[in-house]
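Structure at a glance
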Amino acid sequence: MTIIEQTPAELAPPALDLARSALFLDLDGTLAPLVARPQDVGPEPRRTAILEELVRRMDGRVAILSGRTLAEIDHILDRAVRPVAAVHGLDRREPDGTHSPPEPHPDLPAVAAAFHGLATAAPGLLVETKGLSVALHYRQAPDQAEAVRALAGDWAERTGLKMQPGHMVVELRTPGPDKGDSLAAFMDAAPFRGAIPVFVGDDQTDEPAFAAARRLGGAGVLVGQIRNSAATHRLEDVDAVLNWLEAAL
């Protein structure tokens, strides 16, 4: 596998080329602000209008790659985008609407019970079950970070579930494709084939997609603070992302 050099992404991206690009977007922290409770994120008219126009102007070459479930993505984005890779790339809906979700790992219910046990003992922790994964958020209980990581690491080692750290959250998910794998799969199919991939994301879970976009001749746009990343450009926050997308229309 090609190794992509990781360097601090500092430069703002050039204007999005609607005619030649294939656009891949993360959701939380990229199209919607990070909040304490994931269920508090909902549809937003401006964001929906931008996405719908991008889909129209780019002949469908827009996809969402998110840690959210497919149902959550459709709700938050008003079904503006059909191609979606949910649960960090694991659950993919194709551009033609076909969808064959994988089977969940059999140990996920036991993991959920263990996470709920810790959340009961430490108020502020939030358990999120996604069918194919279970996440434990500690944004409202940052002092529990070490305990959360230790518990998740123990279960990952015992079960073979994939441990997926993120912004103030640790998730255990069914093994399978990540965001980079899903980006590459989309790029191998119509209407994405032959375009230049551009991926916009904010989290460590987005690094496989940054790397995949670069391997395929495209670019990555990091959202948020400067850090080592396979991304090539950077935008400050969600508002900057929406402004950049809107400016291309």
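Higher on the page you've got the structure.
Okay, so let's go over this structure. (Residues numbered from 1 in each chain as written. Predicted model: local features only at pLDDT ≥ 70, side-chain atom pairs only at ≥ 80, totals over all residues. Heavy atoms only, no water.)

1. Comments concerning the pattern of salt bridges
A complete count under the given rule lists 17 salt bridges for this structure. Among the ionic pairs, Asp28 bridges to Arg68, the shortest N-O distance being 2.7 Å. Linking Asp28 in the loop between β2 (21–25) and α1 (45–57) with Arg68 in the loop between β3 (62–65) and α2 (70–76), this pair joins segments that are 40 residues apart in sequence. With a relative accessible area of 5%, Arg68 lands in the buried category. Here Glu246 makes a salt bridge to Arg46, at a shortest N to O gap of 2.8 Å. In this pair, Glu246 is assigned in helix α7 (residues 238–247) and Arg46 in helix α1, connecting sequence segments 200 residues apart. Under the relative-accessibility criterion, Glu246 is labelled partly exposed at 37%. You can call Arg46 partly exposed: its relative accessible area is 28%. Connected via shared salt-bridge partners are Asp26, Lys179 and Asp206. (Salt bridge = Lys/Arg side-chain N within 4 Å of Asp/Glu carboxyl O. Helix = DSSP H or I, 4+ residues; strand = E, 2+ residues; numbered from the N terminus. Buried < 20%, exposed > 50% of the residue type's maximum accessible area, 1.4 Å probe, protein only.)

2. What to know about the side chain of Asp178
Mapped onto the elements, Asp178 comes out in the loop between β9 (169–173) and α5 (179–187). Notably, Asp178 is buried but unbridged: the nearest opposite-charge side chain belongs to Lys162, and the N-O separation is 4.3 Å. Ignoring sequence-local partners within four residues, the contact set of Asp178 consists of His88, Gly89, Lys162, Arg173 and Pro208. (Lys, Arg positive; Asp, Glu negative; His and termini not counted. Contact = heavy atoms within 4.5 Å.)

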